[in-house]
Amino acid sequence: MSINIKSIRDRIGIDLGSSMPIEDGLIYASEADFRFVDIRIGDVTNKFESFNKSRVSKIRNLLESKDLVVGLHTLSAVNMAEFAPYLSEAVDNYIKSYIDIAKLIDAHWVEVHAGFHFTDDYERRKNAGLERLKRMGDYAAKKGVNLLLENMNPEPQDAEVHYLACDVEETKFYFDNLPHENIRWSYTINHAHIIPVGIQGFYKAISPKRLSEVRLADNKGDKEEHLQPGQGNIDFNKMFHMIEKDGFKGHYMLAFGNHNDMRIGRDFLIDQLRNI
């Protein structure tokens, strides 16, 4: 099957994290010919309280004038599976702040996670995370905001702390119990590459109908790393063909190194596709 390389290039975005103010990030993305941008807010130069009327207006004008699509990415260290008093309410407020700001600046998604557990509290935390995702899904739906749930990376078997939704069974548990149309899937392929089922197996096990974003980084399949494409052993060409042949129209998101590494990484991926 032939694929549209230009379409793929146009849909590859850049995750700038919290490395710069959102305005600077949007300008950089436009100058580097990225249309899709992921940003983390809530700290450093993008504190929640800084999104006043003037700043929101400036961001919206940048998005419109430069034809950019922006999404917000919550911090995975904030435990969506938290149930302790006070902390639980704080997590709700953190996610709601993301949703509120996404609505203000017209962000197209808010990336969320299922949380993490400490081994002996697995069931309680798994269910606490599910209930929070239901609440936040309802809240986001009222605001007209989409949430993207990311599959996470496995930790060593004997680690005390483990992310939730890092394998097929757990990821299906959340999606099977989240009928919300505004909760979609963000597929991080380098996380799937670490587990036995692999990138293809994970993809086929979760309904592609819920797929909105594919996150890209390389690794060697043995541990959590976000390497520049070509530094690990992921077959990106095979991955692109697998997903594109299903008619995927969403975006891809680079997530490794610094912003210059990602610009180089995008060009590497496209050159690889052209050389097939």
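None of these values were measured; they are calculated from a predicted model.

As for the overall build of the protein
In terms of helices and strands, the protein carries 10 helices and 10 strands. Relative to the 2.2 N^0.38 estimate, which gives 19 Å for 276 residues, the radius of gyration of the protein is 18 Å and therefore close to what a compact globule would have. Projecting the C-alpha coordinates of the protein onto the three principal axes gives extents of approximately 55 × 50 × 30 Å. Scored against the burial criterion, the 276 residues of the protein give a buried share of 54%. Put simply, of all contacts in the protein between residues at least 6 apart along the chain, 76% involve residues at least 24 apart. Of the roughly 12500 Å² of accessible surface on the protein, a fraction of 49% belongs to carbon and sulfur atoms.

Some remarks on the packing of aromatic side chains
Within the structure shown, the criterion is met by 12 aromatic pairs. Aromatic side chains F173 and Y174 sit 5.1 Å apart centroid to centroid with 80° between the ring planes, which places their arrangement in the edge-to-face category. Taking the relative accessible area as the measure of exposure, Y174 reaches 0% and is therefore buried. An aromatic cluster is present here, built from W185, Y187, F202 and Y203 joined pairwise through their rings.

Some details on the side chain of H117
Along the polypeptide, H117 turns up in strand β5 (residues 116–117). Leave out the neighbours within four places in its chain, and H117 touches Y122, R125, E160, V161, H162, Y163 and L164.

Points about the nonpolar core
Counting residues in hydrophobic clusters, the biggest one holds 80 residues, and the most contacted among them are L72, I105, Y174, L216, M239, F240 and Y252. Broken down by element, this core gets its largest block of residues, 8 residues, from helix α4 (residues 87–105). Sequence-distant contacts of L216, that is, excluding residues within four places in its chain, are made with I189, N190, F236, M239, F240, Y252, M253, L254, A255, F256 and L269. With 5 residues, the next largest nonpolar core counts F36, V69, W109 and M253 among its residues.

Observations concerning the pairing of strand β6 (residues 147–150)
Burial along β6 is two-sided: L147 and L149 facing one way and L148 and E150 facing the other are all buried. For strand β4 (residues 110–112) and β6, the ladder comprises 3 bridges, and the chain directions are parallel. By the bridge assignment, E111 is partnered in β6 with L148. Examined bridge by bridge, β6 and strand β8 (residues 183–188) share 4 bridges and lie parallel to one another.

Some points on the packing of helix α8 (residues 198–205) against helix α9 (residues 236–244)
Working note: a packed helix pair is described by the angle between its axes plus the distance between those axes. Running from N to C, α8 and α9 point in directions that differ by 15°, and their axes come no closer than 10 Å. Of the possible angle classes, the one that applies to α8 and α9 is roughly parallel. With respect to the hand of their crossing, α8 and α9 are arranged in right-handed fashion. Only K238, M239, M242 and I243 of α9 make contact with α8, whose side of the interface consists of I199, Q200 and Y203. In terms of residue class, the contact of α8 with α9 is built from 5 nonpolar, 1 polar and 1 charged.

Side note on the environment of G230
Inspection of the secondary structure puts G230 in the loop between β9 (211–216) and α9. Expressed as a C-alpha distance, the spacing of G230 and N219, which sit 11 residues apart in the sequence, is 8.9 Å. Ignoring any residue separated from it by four or fewer positions in sequence, one finds G230 in contact with D218 and F268.

A word on unusual backbone geometry
Phi at D106 is positive, roughly 65°, even though this residue is not glycine. Its location among the elements puts D106 in the loop between α4 and β4. Look at A165: it is not a glycine, yet its phi comes out positive at around 60°. The residue A165 is located in the loop between β7 (162–163) and α6 (168–176) in this model. Judged by its relative accessible area of 1%, A165 falls in the buried class.

Here's the deal with the sheet that holds β6
Hydrogen bonding along the main chain pairs the strands of a sheet, whether they run parallel or antiparallel. Taken in spatial order, the 8 strands close into a barrel running β1-β2-β3-β4-β6-β8-β9-β10, and their pairing is parallel. Ignoring which end each strand starts from, the neighbouring axes of this sheet average 30° apart. Packed onto the sheet, helix α10 (residues 259–274) meets β1 (12–15), β9 and β10 (251–254) and runs at close to 160° relative to β1.

Calculation notes
- Residues numbered from 1 in each chain as written.
- Predicted model: local features only at pLDDT ≥ 70, side-chain atom pairs only at ≥ 80, totals over all residues.
- Heavy atoms only, no water.
- Helix = DSSP H or I, 4+ residues; strand = E, 2+ residues; numbered from the N terminus.
- Rg over C-alpha atoms; globule rule 2.2 N^0.38 Å.
- Buried < 20%, exposed > 50% of the residue type's maximum accessible area, 1.4 Å probe, protein only.
- Contact = heavy atoms within 4.5 Å.
- Areas by Shrake-Rupley, 256 points an atom, 1.4 Å probe, with all protein chains shown as cover.
- Phe/Tyr/Trp six-rings, centres within 6.5 Å; stacked < 30°, edge-to-face > 60°.
- Core = buried A, V, L, I, M, F, W, Y, C linked by side-chain atoms within 4.5 Å.
- Pairing = 2+ DSSP bridges.
- Axes fitted to C-alpha atoms, helices over the stretch in contact; angles between N-to-C directions.
- Parallel < 35°, antiparallel > 145°, perpendicular 65-115°, else oblique.
- Left-handed = near helix turned anticlockwise from the far one by under 90°.
- Nonpolar A, V, L, I, M, F, W, Y, C, P; charged D, E, K, R; others polar.

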